[in-house]
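Here are the chains, one letter per residue:
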Amino acid sequence: MTIFKKIIDKEIPADIVYEDDICLAFRDITPQAPQHILIIPKKEISSLNKVTSEDKELLGHMLLMASEIAKKINISEDGYRLVINTNSHGGQSVNHLHMHVIGGRQLSWPPG
């Protein structure tokens, strides 16, 4: 069981900013910018490599929620970054699909 599953099951606390039947969004405990939110599906999917055509609606929902959350935390106007790390070389540290919503400052490219 991953730490994200424990957050979904409310076994460990998180600073939740959004929740519905499909996904959960909460503040990252090691933020890389003033605003850093993680969006996780409640369905357990280990990485982006494991999604199937059945997950199209879930992925679309996560993107819509990212846009809504960016508005809610006041970073939509200036801009923000969405990141999905995949597997170890991609920087994925928890084996549960998740999307980072990062903003609140000027972001550089490539990321440091």
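See the structure printed just above.
Residues numbered from 1 in each chain as written. Predicted model: local features only at pLDDT ≥ 70, side-chain atom pairs only at ≥ 80, totals over all residues. Heavy atoms only, no water.

**Points about the sheet that holds strand β3 (residues 35-41)**
Here 5 strands make up an open sheet; going across it, the order is β1-β2-β3-β5-β4 and the pairing antiparallel. Every interior strand has two partners, whereas the edge strands, β1 (16-19) and β4 (80-83), have only one. Going from strand to strand, the sheet's axes swing by 15° on average, the running direction of each strand aside. Pairing of β1 with strand β2 (residues 23-27), which is carried by 3 bridges, proceeds in the antiparallel orientation. Looking across to β2, one finds that Glu19 is bridged to Leu24. Contacting β1, β2, β3, β4 and β5 (99-103), helix α2 (residues 56-72) runs over the sheet at an angle of about 155° to β3. (Pairing = 2+ DSSP bridges. Helix = DSSP H or I, 4+ residues; strand = E, 2+ residues; numbered from the N terminus. Axes fitted to C-alpha atoms, helices over the stretch in contact; angles between N-to-C directions. Contact = heavy atoms within 4.5 Å.)

**Some thoughts on a nonpolar patch on the surface**
Among the surface-exposed residues, Leu63, Tyr80 and Leu82 lie close enough to one another that they form a single nonpolar patch of about 250 Å² accessible area. Topologically, Leu82 is positioned in strand β4. (Patch = residues over 30% accessible without salt bridge, like charges linked within 9 Å, V, L, I, M, F, W, Y side chains within 5 Å. Areas by Shrake-Rupley, 256 points an atom, 1.4 Å probe, with all protein chains shown as cover. Salt bridge = Lys/Arg side-chain N within 4 Å of Asp/Glu carboxyl O.)

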